[in-house]
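Results of the structural survey
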There are 4 protein chains.
Amino acid sequence: VSIRVVIVGAAGYAGAELASLLLRHSQARIVGIFGSARRDEHAPTLSEVFGRFRGLLDLPIRAASVSEIKACEPDAVFLATPHLASIELATGLLEGSASRRCVVFDLSAAFRLKDARAYPSRYGFEHPRPDLLAKAVYGLPELWRDAVRHADLVAVPGCYPTSAILPLAPLVRAGAVAKRPDGRCVRPIIDSTSGVSGAGRTPELRSMFCEVHQKPYAVLSHRHQPEIDAYVGVETLFTPHLGPYERGILSTIHVELERGWNEMRVRDVLAEAYAGEMFVRLCRADVWPSVGDVRGTNYCDIAIAVDEPWSHLLMVSAIDNLVKGAAGQAVQCMNVRFGFSEATGLKF
Amino acid sequence: VSIRVVIVGAAGYAGAELASLLLRHSQARIVGIFGSARRDEHAPTLSEVFGRFRGLLDLPIRAASVSEIKACEPDAVFLATPHLASIELATGLLEGSASRRCVVFDLSAAFRLKDARAYPSRYGFEHPRPDLLAKAVYGLPELWRDAVRHADLVAVPGCYPTSAILPLAPLVRAGAVAKRPDGRCVRPIIDSTSGVSGAGRTPELRSMFCEVHQKPYAVLSHRHQPEIDAYVGVETLFTPHLGPYERGILSTIHVELERGWNEMRVRDVLAEAYAGEMFVRLCRADVWPSVGDVRGTNYCDIAIAVDEPWSHLLMVSAIDNLVKGAAGQAVQCMNVRFGFSEATGLKF
Amino acid sequence: VSIRVVIVGAAGYAGAELASLLLRHSQARIVGIFGSARRDEHAPTLSEVFGRFRGLLDLPIRAASVSEIKACEPDAVFLATPHLASIELATGLLEGSASRRCVVFDLSAAFRLKDARAYPSRYGFEHPRPDLLAKAVYGLPELWRDAVRHADLVAVPGCYPTSAILPLAPLVRAGAVAKRPDGRCVRPIIDSTSGVSGAGRTPELRSMFCEVHQKPYAVLSHRHQPEIDAYVGVETLFTPHLGPYERGILSTIHVELERGWNEMRVRDVLAEAYAGEMFVRLCRADVWPSVGDVRGTNYCDIAIAVDEPWSHLLMVSAIDNLVKGAAGQAVQCMNVRFGFSEATGLKF
Amino acid sequence: VSIRVVIVGAAGYAGAELASLLLRHSQARIVGIFGSARRDEHAPTLSEVFGRFRGLLDLPIRAASVSEIKACEPDAVFLATPHLASIELATGLLEGSASRRCVVFDLSAAFRLKDARAYPSRYGFEHPRPDLLAKAVYGLPELWRDAVRHADLVAVPGCYPTSAILPLAPLVRAGAVAKRPDGRCVRPIIDSTSGVSGAGRTPELRSMFCEVHQKPYAVLSHRHQPEIDAYVGVETLFTPHLGPYERGILSTIHVELERGWNEMRVRDVLAEAYAGEMFVRLCRADVWPSVGDVRGTNYCDIAIAVDEPWSHLLMVSAIDNLVKGAAGQAVQCMNVRFGFSEATGLKF
């Protein structure tokens, strides 16, 4: 049995990664490829945009519209599109009779937050469909697998949030984070470095070869801060950095532990949370993640150490921002949603 | 049906790439992993050497010996070992009763040349087994597929040679190369640039991050020159360069054409030679290969242009040196040899 | 004694390199910084555009106009501007009374060719001032120093041409290049690889970090081909490649030698041509240039080897495309023109 | 007036950087170049080891010994040598009559710590000369300039420590760091990323081109931790990371501020501490350091932001690890010690 899938936004890095993954997925068939623009003067093929697809996927990248997408009769539609395009397309795709409805996997931030009030300040627009925010499921299967199983609209997590939520959320749930005198948790500190592909494929000065150097950006103001806080479960302090490499996020995370917590207890919580998970790898003591180890894979590697005299937990996580941080996670959600084996198409 | 395979030399880049490819090969099962050293004090697992295999292949890398390898009862053995180790292991593995013999795929240069006399000057040793040179089949399936089908010992081509032979050999066979007044062909000029992984994983100054800059090396003296000439079919002039990147070879090739040859005729010869080949992609006019397009794949991309007033043919080819230039080609040979579909495990 | 200099186009890579060099030049004082645009809405300072100038050069980058530049009363004006802007500005700056005239050093291609007929096909415009082409001096001091000494308008050579002309021109002059039966020289073959800074600072897809991979471009059609041929002195075949690094050009050059030429004679010609030249380094036998050795310097390193049975000369040259290939060469020309010691400001 | 200088350890990255800087220093003359090894079989010249010195510094790199160094009659000796070699050489060089004594600038960690007890655990040896530890001056001129003026033995700071101490020390002195209930300061958190040159030039797997990926190392155990704490003035938590680039350290620093501190007050303390300092650049609001801005320079760029509701100070600093983090700082110390203008030879 195989399903029919459509990719919208295939000319971007996440969209192209989706095409790569879905091409070798044994239970999905790509039936349409669309661009994120409404209208293209001429429709190049995917292989003209990315030479690596020559001979593999020579479909034209057509201008996206709800009717054109629906005409492909897809079971699943992946939106690797700007936020507002995602809202418009998802709205149209989710309407209509249940019999011909498809599942939408959106890789933008359009449906990630439950609280519409964060959109104007962080994303620069008033969210037009708070009802869809309520309906959308946050697609991090390791933590919300059951919800993904029944979702019609999956908001695939951001890359930085994935690298932060997986190590932190189980510990917050278990009460490991120290409290301040005012009752709030001491904020975990998340210093992350991302490769350049995270900035997308639109030509901009900051992404040019000669301009990329190790540096912080969006200090105290990155769009992913509310998403991280919402799904970690406490306020955090997130600072992103750009590094001179193509793919991968490394997050170094500092947590002040509540009294009574030590390294063994932290390790136990994470080991239990991710027992049986095939895409989370907890490193043994003294082994630390590297973006090189997860490049091109759907893994999230996590390592921990506790400076016990100070009750200070240091965690490091690594993912490939285009795979576990975007396209791979979306395919994993599709596998969960359609009842396929969760690693289908994701073995490397 | 599936075969049992052993990898020797798994702690090097080509060996690890073999492990990656064979892990997801639907008709091969890795039954043993060996190092290239005779004796290891402690046997690390593959995942300790390359973190990316954590949770995927935690087998120990054992010290290689003929008897230990044979004890794994392999159908196929891949040798990603130094030349002399390859000779010793291949010799042992090919002996004995036919009933329990395995096919050997050797990625070193030990069996690539037919003429034993080239070994002392290029490789620094007297070849101890000229009889095996005669027996070995050069594993470039696009050109010698039938021989591979029946081989017991496959000499997997070098990376630079693959990038030079695929574009040149069909043209030499067709008589496209101009002759000099003395009757010899005008030498094709091959200027190649390789990524750093081609130099192997042994720590050396030249492969250190801060030492790698665009530069030529082994000028007029590279080991691959006789291999290129032997399988191209004419003498050539090959000059390798090192480039500051991880993977991929780009070869820019100049050929003076014989009278009567033009771009269309060259294109026709190549198109016919590679019609139906899934791993050779002939680019259409004005599209030029990039190592980015073949990275991580088993493709060889080839493009051509002829400066007709000068009867000058310019060709550019690109491969991934670790895939089509080593491990991928070896797996392709295995697929041919065992009658599997040729792309099994090689779809990206 | 010190001269007053103006830089136009300081927001590009070559212009910024000029600013770096002139800042530490003991006999030049930067009195004005202009952008290449005619009109800027807001004038950022150079240090806002390039953070490395913070505290060093906080002058605003003003909109360029002949009158504004003249108002700075410069002795020398460097134009790191697009071709047409260079023509317009040079025309205006060279007019007027001799008493208040400045010397113009132009880094574009606007004045490099003597033959105006090449401009439409290679540069896409009809040259409006063929008279200035006649007047301009090609600023390669090692070969045309005397002309530079008295020039009012110096056309600073292109980066690829510098790397090709320095090794080739003395040999062509000496008659080392083999002749074909039709009397023309056998074309030298020039395979060059450049770092990404050569493509300029305007955001374009091809210069983005994730898009840069070893590959050829502008095959049989690069703008620098006529410039190379004009100053080498024979027709050549030039093929540029892009490499994944910031700075530097490596050119691998093949020459079929005329009867009677061997390695020693080639070496003698080059040694004599560049005796006493401080910016050309002829490598001794078996040492080959690397872009790492010339990075950030005004050197051109050249190495040679002759495959004597084939009378084939292989030369490799390396320069920093932004220094000897642009800004450094311009400063060297300024030093020659104003009678300063030629290495002033160019010692690294 | 000019002084005679000797470089020991010139075949390493820091030693070669010293040679580059001292070559263009108007008041220093290099009179001897030594290797870090006691005995070299053959003495290559510096330009054979680093091609960029061809024609600039062709002195042989001789085996280091106290007597050979003294025979050069140096005023200043730079030791870019392993810790134990530094101790042996410094001991010998500092002995003898005052009339013929030279000043020693040591770039190893041999004399950086006042407390000899840290050496066995962090550096693996018992310090044989605690008396010299007492005598040595920590060569960070911005904070201890007066001591450097009169020192005979200058311990040039480590690269990571420089990037941490410059932003932190003035704030600790001013009492800006929050206290815990137990009276100790809340530890500042320092997450640093360094380029690969920081690991030195000895061939090791971790520094090979294909092995370098963003990752942490020496977690909770880096040698620089005690040096940072000693000169910052409070305990800190330092975590180093390796990034895939050649030069530069970026440190992201988190400080919990004492009651009464806000962004303006922090900025005032730093502005006052570094008023008139030419090598510390305090960035204005919303400008953040990049290793690209300090590459090849002696600058330390520092930027700050305070998340005021949380009294959380975030600082980022950037240096070139080989310049302000090693050779440049050593030259700066020499300038201070010998009364030269502090920026001599350090203008870029």
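Residues numbered from 1 in each chain as written. Chains lettered and ligands numbered in written order. Predicted model: local features only at pLDDT ≥ 70, side-chain atom pairs only at ≥ 80, totals over all residues. Heavy atoms only, no water.

With that out of the way, let us pick up the overall build of chain A. For chain A, the count of helices and strands is 12 helices and 13 strands. Computed over C-alpha atoms, the radius of gyration of chain A comes to 20 Å, within 12% of the 20 Å expected from 2.2 N^0.38 for 348 residues, which places it in the range of a compact globule. Along the three orthogonal principal directions, the C-alpha set of chain A runs to about 65 × 45 × 40 Å. Counting only residues that meet the buried cut, chain A has 64% of its 348 residues in that class. Restricting the contact set of chain A to residue pairs at least 6 apart, pairs at least 24 apart contribute 71%. When the accessible area of chain A is evaluated, it comes to approximately 12300 Å², of which 50% is carbon and sulfur surface. Chain A carries 38 positive and 38 negative side-chain charges, and their two centres are separated by 3 Å. (Helix = DSSP H or I, 4+ residues; strand = E, 2+ residues; numbered from the N terminus. Rg over C-alpha atoms; globule rule 2.2 N^0.38 Å. Buried < 20%, exposed > 50% of the residue type's maximum accessible area, 1.4 Å probe, protein only. Contact = heavy atoms within 4.5 Å. Areas by Shrake-Rupley, 256 points an atom, 1.4 Å probe, with all protein chains shown as cover. Lys, Arg positive; Asp, Glu negative; His and termini not counted. Charge placed at Lys NZ, Arg CZ, Asp CG, Glu CD.)

Turning next to the pattern of salt bridges. Using the criterion set out here, one finds 90 salt bridges over all chains in the structure. Here R184 of chain B ties to D182 of chain B by a salt bridge, and the two come within 3.2 Å at their closest N and O atoms. Its salt-bridge partner being R284 of chain D, residue E48 of chain C comes within 3.2 Å of it at the nearest N-O pair. Taken together, the residues span two chains, with E48 of chain C in helix α2 (residues 46-49) and R284 of chain D in the loop between β11 (280-282) and α11 (291-294). (Salt bridge = Lys/Arg side-chain N within 4 Å of Asp/Glu carboxyl O.)

It is worth spelling out the packing of helix α7 (residues 141-149) of chain A against helix α12 (residues 323-338) of chain A at this point. Residues and elements named next belong to chain A. For the pair α7 and α12, interaxial distance at closest approach is 9 Å and the crossing angle is 45°. Taken together, the axes of α7 and α12 are oblique relative to one another. Judged by the twist between their axes, the crossing of α7 over α12 is right-handed. Facing P141, E142, R145, V148 and R149 of α7, the residues of α12 in contact are K324, Q329, Q332, C333, V336 and R337. For the contact of α7 with α12, the per-class residue count stands at four nonpolar, two polar and five charged. (Axes fitted to C-alpha atoms, helices over the stretch in contact; angles between N-to-C directions. Parallel < 35°, antiparallel > 145°, perpendicular 65-115°, else oblique. Left-handed = near helix turned anticlockwise from the far one by under 90°. Nonpolar A, V, L, I, M, F, W, Y, C, P; charged D, E, K, R; others polar.)

This part covers the relation of the copies chain D and chain B. When chain D is fitted onto chain B, the two copies agree to an RMSD of 0.0 Å after a turn of 180° and an axial shift of 0.0 Å. On the angle and the small slide along the axis, the relation comes out as a two-fold axis. A share of 100% of interface residues in chain D that are also interface residues in chain B marks the association as one of identical surfaces. (Least-squares fit on C-alpha atoms with pLDDT ≥ 70 in both.)

Let's shift gears to the nonpolar core. Counting 126 residues, the largest nonpolar core has L18, L22 and M334 of chain B together with L18, L22, F78 and M334 of chain D as its most contacted members. Among residues more than four places away in sequence, those in contact with L18 of chain D are I7, F78, A80, L107, A327, A330 and V331 of chain D. The next biggest cluster of nonpolar side chains, apart from the first, holds 125 residues, and it includes L46 of chain A together with L57, V103 and V291 of chain C. (Core = buried A, V, L, I, M, F, W, Y, C linked by side-chain atoms within 4.5 Å.)

With that settled, consider the sheet that holds strand β3 (residues 76-79) of chain B. Residues and elements named next belong to chain B. With respect to topology, six strands assemble into an open sheet ordered β2-β1-β3-β4-β6-β5, the strand pairing being parallel. Looking at which strands have only one partner, the edges of the open sheet turn out to be β2 (28-34) and β5 (137-138). Sheet analysis places strand β1 (residues 3-8) next to β3, joined by four bridges and oriented parallel. Directly across from I7, in β3, lies its bridge partner F78. Helix α1 (residues 13-23) rests against β1, β2 and β3 of the sheet, and its axis sits at about 160° to β1. This element, helix α12 (residues 323-338), spans β1, β2, β3, β4 (103-106) and β6 (153-155) of the sheet and lies at about 160° to β4. (Pairing = 2+ DSSP bridges.)

For the rest of this paragraph, the subject is the interface of chain D and chain B. Across the boundary between the two partners, chain D contributes 19 residues, which contact 19 residues of chain B. Carbon and sulfur atoms make up 70% of the surface buried where chain D meets chain B, a total of about 1600 Å² over both sides. The interface formed by chain D and chain B contains two salt bridges. By residue class, the composition of the side of chain D that touches chain B is 10 nonpolar, five polar and four charged. (Buried area = accessible area lost by both parts, 1.4 Å probe.)

Each partner contributes to the interface: chain D provides 36 residues, whereas chain A provides 36 residues. In total, chain D and chain A occlude about 3200 Å² of area from one another, counting both sides; carbon and sulfur atoms represent 67% of this. Contact with chain A buries surface across chain D, with R187, Q214 and W310 of chain D losing the most and accounting together for 23% of the total. Here chain D is connected to chain A by two salt bridges.

With that settled, consider the side chain of D301 of chain B. Locating D301 of chain B in the fold gives a position in strand β12 (residues 300-307). Classification of D301 of chain B as buried rests on a relative accessible area of 0%. For D301 of chain B, the side chain forms a polar contact with the side chain of R54 of chain A, separated by 2.7 Å. (Polar contact = N/O pair within 3.5 Å; in protein donor to acceptor, adjacent residues only side chain to side chain.)

In protein chemistry, a disulfide is the covalent bond that joins the sulfur atoms of two cysteines. One pass over the structure, following the stated rule, counts zero disulfides over all chains. Among the cysteines around C72 of chain A, which has no disulfide bond, C102 of chain A carries the closest sulfur, lying 10 Å off. (Disulfide = S-S within 2.5 Å.)

A few words now on the sheet that holds strand β13 (residues 312-319) of chain A. What links the strands of a sheet is backbone hydrogen bonding, and the strands pair in either a parallel or an antiparallel sense. Residues and elements named next belong to chain A. Strand order across the open sheet formed by seven strands is β8-β9-β7-β10-β13-β12-β11, with mixed pairing between neighbours. Lying at the two open borders of the sheet, with one neighbouring strand each, are β8 (215-216) and β11 (280-282). Of the strand pairs in this sheet, strand β7 (residues 189-194) and strand β9 (residues 237-242) are connected by six bridges, and their pairing is parallel. Considered in β9, the bridge of S194 is made with L242. Of the strands in this sheet, β11, β12 (300-307) and β13 are in contact with helix α10 (residues 263-273), which crosses β12 at around 160°.

Here the focus is the confidence of the model for chain A. Low-pLDDT portions of the prediction should not be read for the details of their coordinates. Model confidence for chain A is summarised by a mean pLDDT of 95, while 98% of its residues fall at 70 or above. Interface confidence for the predicted complex, expressed as ipTM, amounts to 0.96; the pTM equals 0.96. (pLDDT = per-residue confidence, 0-100.)

A word on the relation of the copies chain D and chain A. For the pair chain D and chain A, the best superposition has an RMSD of 0.0 Å and corresponds to a rotation of 180° with a translation of 0.0 Å parallel to the axis. Mapped onto chain A, 100% of the interface residues of chain D again fall at the interface, so both copies present the same surface.

For the rest of this paragraph, the subject is helix α4 (residues 83-94) of chain A. Residue and element names in this part refer to chain A. The end-to-end C-alpha separation of α4 is 16 Å, in line with the 16 Å expected for 12 residues at 1.5 Å each. For α4, the tally of buried residues reaches 10 of 12 residues, placing the bulk of the element in the interior. Residues H83, A85, S86, I87, L89, A90, T91, G92, L93 and L94 constitute the buried set of α4. The first or second residue beyond α4 is G96, which carries a positive phi of 95°. (Expected span 1.5 Å × (residues − 1).)

Turning our eyes to something else, we now look at the packing of aromatic side chains. The geometry of an aromatic ring pair is captured by the separation of the ring centres together with the interplanar angle, meaning the angle of the planes. In the structure shown here, the tally under the stated rule is 42 aromatic pairs over all chains. Here Y138 of chain C and Y231 of chain C contribute two aromatic rings whose centre-to-centre distance is 3.6 Å and whose plane-to-plane angle is 5°, an arrangement assigned as stacked. Placement of Y138 of chain C in strand β5 (residues 137-138) and of Y231 of chain C in helix α9 (residues 224-232) is noted, with a sequence separation of 93 residues between them. Classification of Y231 of chain C by relative accessible area gives buried; the value is 12%. An aromatic cluster of at least three residues, connected via ring pairs, comprises Y119, Y123 and F125 of chain A. In this arrangement the basic side chain of R173 of chain D is found over the ring face of W144 of chain D, its NZ or CZ atom lying 5.5 Å from the centre. Taking NZ or CZ as reference, R201 of chain D lies 4.3 Å from the ring centre of F50 of chain D, over its face. (Phe/Tyr/Trp six-rings, centres within 6.5 Å; stacked < 30°, edge-to-face > 60°. Lys NZ or Arg CZ within 6 Å of the ring centre and 35° of its normal.)

A word on the side chain of S197 of chain C. For S197 of chain C, the location among the structural elements is in the loop between β7 (189-194) and β8 (215-216). Looking at S197 of chain C, the relative accessible area reads 4%, which means it is buried. A distance of 3.0 Å separates the side chain of S197 of chain C from the side chain of N321 of chain C, its partner in a polar contact. Setting aside chain neighbours within four positions, we find S197 of chain C in contact with C210 of chain A together with Y13, E246, R247, N321 and L322 of chain C.

Moving on to helix α7 (residues 141-149) of chain D. Residues of α7 of chain D that are buried: P141, E142, L143, R145 and V148 of chain D. Considering only its buried residues, α7 of chain D is in contact with β5 (137-138), α8 (159-173), β11 and α12 (323-338) of chain D.

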